[in-house]
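Residue-level structural notes
Chain by chain, the residues:
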Amino acid sequence: SAVISQKPSRDICQRGTSLTIQCQVDSQVTMMFWYRQQPGQSLTLIATANQGSEATYESGFVIDKFPISRPNLTFSTLTVSNMSPEDSSIYLCSVEPTRGQGNPDTQYFGPGTRLTVL
Amino acid sequence: KQEVTQIPAALSVPEGENLVLNCSFTDSAIYNLQWFRQDPGKGLTSLLLIQSSQREQTSGRLNASLDKSSGRSTLYIAASQPGDSATYLCAVNGNQFYFGTGTSLTVIP
């Protein structure tokens, strides 16, 4: 199975600033995903990031607010821009394993980044 | 849009007790359903995956069932242990993963 790390693990930020979250995978994967988990809420898909193409955003999420980079098959970043207290959440990246590297019907998740915006 | 509901939101049981967590979903057009465990700072861990054509899956003390026609799944945990304390998430996989809000389980020694 894929091993995923995220940086930072947590941060406290001031409103109006931006934070970039990094996601690193120990193997090459095609599909990477970014989720948000607001306090007391379920995970919500922000966008799907495929290497070599623009990220695909879900309804309610826009590129200006959550720009995503996917420079290669093992790395992605999510930036939370112009933050407000409502952006306080856990942000998780996940990957769909490549055939032979795990169950293709599931996703593997990183440990998450806990963001608090003051 | 798929909606996934989990009941109860929180559960506290003494060690050794058997328990059942419930998950319901509104759209039966799914590929599979998964139960995840979420521990603080450790992301999500997949526990059991049930394909849409299956009725149940078992792994150790865990048994998950799926009734796709009624939009329900249960996770049965036998002989609970303090190490089982975590949040349990149900996710249905249609064209994307849709997660429930989870059940926070505390097993009291």
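Refer to the structure presented above.
**Some points on the sheet that holds strand β1 (residues 4–7) of chain B**
Residues and elements named next belong to chain B. The 5 strands lie next to each other as β1-β3-β8-β7-β6, forming an open sheet whose pairing is antiparallel. Two strands lie at the open edges of the sheet, namely β1 and β6 (56–59), each paired on one side alone. Between one strand and the next, the sheet's axes are offset by a mean angle of 15 degrees, whatever the strand orientation. As judged from the 4 bridges shared by β1 and strand β3 (residues 19–25), these two strands associate in the antiparallel manner.

**A closer look at the packing of aromatic side chains**
In total, this model carries 7 aromatic pairs over all chains according to the counting rule given. Relative to F99 of chain B, the ring of F109 of chain A has its centre 5.9 Å away and its plane inclined at 85 degrees; by these criteria the two rings are edge-to-face. Of this pair, F109 of chain A sits in strand β10 (residues 108–109) while F99 of chain B sits in strand β10 (residues 97–99), on two different chains. Each member of the pair, F109 of chain A as well as F99 of chain B, is classed as buried. Among the aromatic residues, those joined into a cluster by ring pairs are Y35 and F109 of chain A together with F36, F97 and F99 of chain B.

**Details of the side chain of Q34 of chain B**
All names here are of chain B. Tracing the backbone through its elements, the reader meets Q34 in strand β4 (residues 32–38). Overall, Q34 belongs to the buried group, its relative accessible area being 0%. One polar contact links Q34 to S46, side chain to side chain, over a distance of 2.7 Å.

**Looking at the interface of chain A and chain B**
Listed by partner, the interface residues are 16 residues for chain A and 18 residues for chain B. Across the chain A to chain B interface the summed buried area is about 1300 Å²; carbon plus sulfur atoms make up 52%. Contact with chain B buries area across many residues of chain A, yet L43, D105 and F109 of chain A alone supply 35% of it, more than any other trio. Where chain A touches chain B, the interface holds 0 salt bridges. Taken together, the connections running from chain A to chain B amount to 5 residue pairs in polar contact (both at pLDDT 80 or more). Broken down by secondary-structure element, the contributors of at least two residues to the side of chain A that touches chain B are β4 (31–37) and β5 (43–50) of chain A. Of the residues contributing to the side of chain A that touches chain B, the split by class is 6 nonpolar, 8 polar and 2 charged.

What counts as what
Residues numbered from 1 in each chain as written. Chains lettered and ligands numbered in written order. Predicted model: local features only at pLDDT ≥ 70, side-chain atom pairs only at ≥ 80, totals over all residues. Heavy atoms only, no water. Pairing = 2+ DSSP bridges. Helix = DSSP H or I, 4+ residues; strand = E, 2+ residues; numbered from the N terminus. Axes fitted to C-alpha atoms, helices over the stretch in contact; angles between N-to-C directions. Phe/Tyr/Trp six-rings, centres within 6.5 Å; stacked < 30°, edge-to-face > 60°. Buried < 20%, exposed > 50% of the residue type's maximum accessible area, 1.4 Å probe, protein only. Polar contact = N/O pair within 3.5 Å; in protein donor to acceptor, adjacent residues only side chain to side chain. Contact = heavy atoms within 4.5 Å. Buried area = accessible area lost by both parts, 1.4 Å probe. Salt bridge = Lys/Arg side-chain N within 4 Å of Asp/Glu carboxyl O. Nonpolar A, V, L, I, M, F, W, Y, C, P; charged D, E, K, R; others polar.

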